[in-house]
Amino acid sequence: MSQTADRNHRSTPVLQRMTNALARYSLVILLALTLFGAILLISGKDPVQSYKDIITHTLGSAYGFSEVVVAMIPTLITALAVAVPSRVGLINVGGEGQLYIGAAFATWGALTFPNQPAWVLLPLMILLGMLGGALWALVPGYLKAVGLVNETITTLLLNSVAPKIIGFLIFGFWHSPMDTVKTSNFVPAARLPTFFGTRINLGFVFALALLMAFWLLMKNTRWGLEMRAIWGNPEAAKRNGIPVRTYWITLMCVGGAIAGLAGMVQVSGFYGVLLLNFSMGLGFMGFLVCWLAGGNPAGILLLSFVVAIITTGGNLLQLTRGLPYAVINILLAFTLFVVLARPTFSLKGRNA
Amino acid sequence: MTLLSMLGVLSSAIFSGTSLLYVTLGEVIGQRAGIVNLGSEGVLLVSASSGFAVTVVAGNPYLGMLVAVLVGGVMNMVLGYLVIHRQANQLASGLALMFFGFGLSALIGRPYVGAKITSLPRIVLPGLAGLPRLYSSLLSFDPLMYLVIPTAVFVWWLLFRTRWGLGLRAVGENPDAAFASGRNPRLIRYQALFLGGLLSGLSAAHLSIAYTMTWNEYMTAGRGFIAVALVIFSKWHPLRAIVGALLFSGAVAFQLLLQSSGVQISPFLLDTIPYLATIIVLIVWGGTRKQSAPASLGRVYHGAE
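Each chain carries its own residue numbering, running from 1 in the direction its sequence is written. Naming scheme: in the order in which they are written, chains are lettered from A and ligands are numbered from 1. Two thresholds apply to this predicted model, a pLDDT of at least 70 for residue-level local features and 80 or more for giving and counting side-chain atom pairs, whereas whole-chain, interface and lining totals are computed over all residues.

Structural notes on the overall build of chain A
Keep this limit in mind: Think of it this way: any DSSP run of H or I at least four residues long counts as a helix, any run of E at least two long counts as a strand, and we number them from the N terminus. Both definitions apply: the radius of gyration is a C-alpha atom measure, and the globule rule equals 2.2 Å times residues to the power 0.38. As a rule, residues whose C-beta atom has 12 or fewer other C-beta atoms within 10 Å are exposed, those with 20 or more are buried, and those in between are partly exposed; C-beta atoms are placed from the backbone.
The number of helices and strands found in chain A is 14 helices and two strands. Rg of the C-alpha trace for chain A: 21 Å, near the compact-globule value of 20 Å for 352 residues, within the 12% margin. Its C-alpha atoms put chain A at 60 × 50 × 35 Å along the principal axes. Here chain A holds 352 residues, and 51% of them are scored as buried.

A short note on the overall build of chain B
To be explicit about the condition: Once C-beta atoms have been placed from the backbone, residue pairs whose C-beta atoms lie within 7 Å are recorded as contacts.
Assigned secondary structure in chain B consists of 13 helices and two strands. Its C-alpha atoms give chain B principal-axis dimensions of about 65 × 50 × 35 Å. Looking at chain B as a whole, 52% of its 305 residues are labelled buried. Residue pairs in contact within chain B that sit at least 24 positions apart in sequence constitute 79% of those at least 6 positions apart.

Remarks on unusual backbone geometry
In the Ramachandran plot, Phe196 of chain A falls in the positive-phi region, its phi being about 50 degrees despite a non-glycine side chain. Relative to the elements of secondary structure, Phe196 of chain A occurs in the loop between strand 2 (179-183) and helix 8 (203-220). In this structure, Ala221 of chain B is a non-glycine residue whose phi angle is positive, near 50 degrees. As for its position among the elements, Ala221 of chain B is in the loop between helix 9 (185-211) and helix 10 (223-233). By C-beta crowding, Ala221 of chain B is classed as partly exposed, having 14 other C-beta atoms within 10 Å.

Focus on the confidence of the model for chain B
Using the following cut-off: Per-residue confidence from the predictor is reported as pLDDT, which spans 0 to 100.
Here chain B shows a mean pLDDT of 87. Residues at 70 or above account for 95%. Quick note on the complex model: pTM equals 0.88, ipTM equals 0.88.

Below, the structure is given as structure tokens:
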């Protein structure tokens, strides 16, 4: 999915490429804003004022901007969880489930060792979160590698299983004395540190580091080259002595581990507690962002940013316009629709 | 274990199985034509909310049902435009449709949260009207429930006994070959998605207008994804989907039965059964050649140039 896009990009000069992309994305956003504006108008809200509010409260103030960054963190990480396996042709639709299981493993750590200092507890929770996600992805990876079941179907089905396991754990064992839908608040040592008095947590650093590592890995290593070969033709790669199955299983697990990390970051950095159904599609959003960015690191960063502005704007519409938070999903969907429909001004030739 | 509690389990299995079967049948038709619709969840939500809203406003559940059905069809046309016309990726487009449904249904349903409606009437099974009220109330179903099995048979007939169904399946297997034999793959895929959308609309109508008689955000609780699992579980066959939907909703109802007899199994774990069962079935088939997914499922048809 990604390479085709890359190839097209490489053939055009950098400057033209950038102006093209810029023009394309501005038009996409304009079109989506118009469509959603119409919906706001129909429901009796002033679209211009709403957009003004969203912009001033997200990009217009330091705090608003920090909230956008906060919203970027899970999307960025879950998009990478899709991007890594996609480099060997695997379609990981299972970020949602892997995120949940990662969150559950990390929560187990937080609840079991509350007396450990942060420098012991946090790394432990990170490892647990990644282990959980990786284990959840091991099943689809293995089944794909031995040629039994396509990974798209298994990852998708396992998405629906994971939140139910969380429900089982919270409801049966972990719920706080006051509330059956969430655990007790984590101890301070189990919380990822935040920066500059905002809600931006260490997870953002993880996200950027992973993005960087992904880019370097693909660009400069033998692994990246071998992965490219497998993506192109697994059969040929196998004949050339590349351990295709090992790559498949490993990269699926790496993807799962990354999504699991996103789960850990959400419960430890953002909520400070494990909530029933806390994700509501974060993993799916990561899939969409990665897909639309063609697996390209810069594109993932940019799209996560746009998605984060939109979702942060949802809070604002809820507060100032009395609309349900979920309504912002319409703007999000319009943006996605317009990108997916690739109107005529888009670069041509990207194969789906 | 009393007869009454057994009947209660059966009754609730049939109730929750009905909406599940409708949406599964819709998904079967789409997938037989080669299109995976991951947006069913969103389609269900928008249909359920708009059907409910119309029922509240017009005071007529049949009108609400009609609107829900049509909205289902229209929602699927959005997916159709993206994946057929613009040749976008099916998984990504479906997920985008799901997010669209989350938002749109919240907007539509917002004014009607907690509203009271006149639901579809319940009709006691013929010949059972003489039973005590307690029993007969468990055995009275709305028209959509009586129609669900005939609908499944109808879908089977449509897919396997008509020329149109043959064409549809041919498109799902190999759109280029279907085109070569004089069929229009794009048109057929649109038709399949529209019909599937109508069935999703029926499913949603049953959920909001007949069964729960309420509207809540995210009230479909994953039924769209369960449908995807059930389609695979029933090997893309409408009649096997009946069994799948019943088994599935029966498992949930069974849990009530277990609880009443003192056995504690977490409802959360029971909810995972259909997904795990589907995966196990897939693994079992994986070793054989029995897997009967339409060959072009999920692929883009580029047309003949």
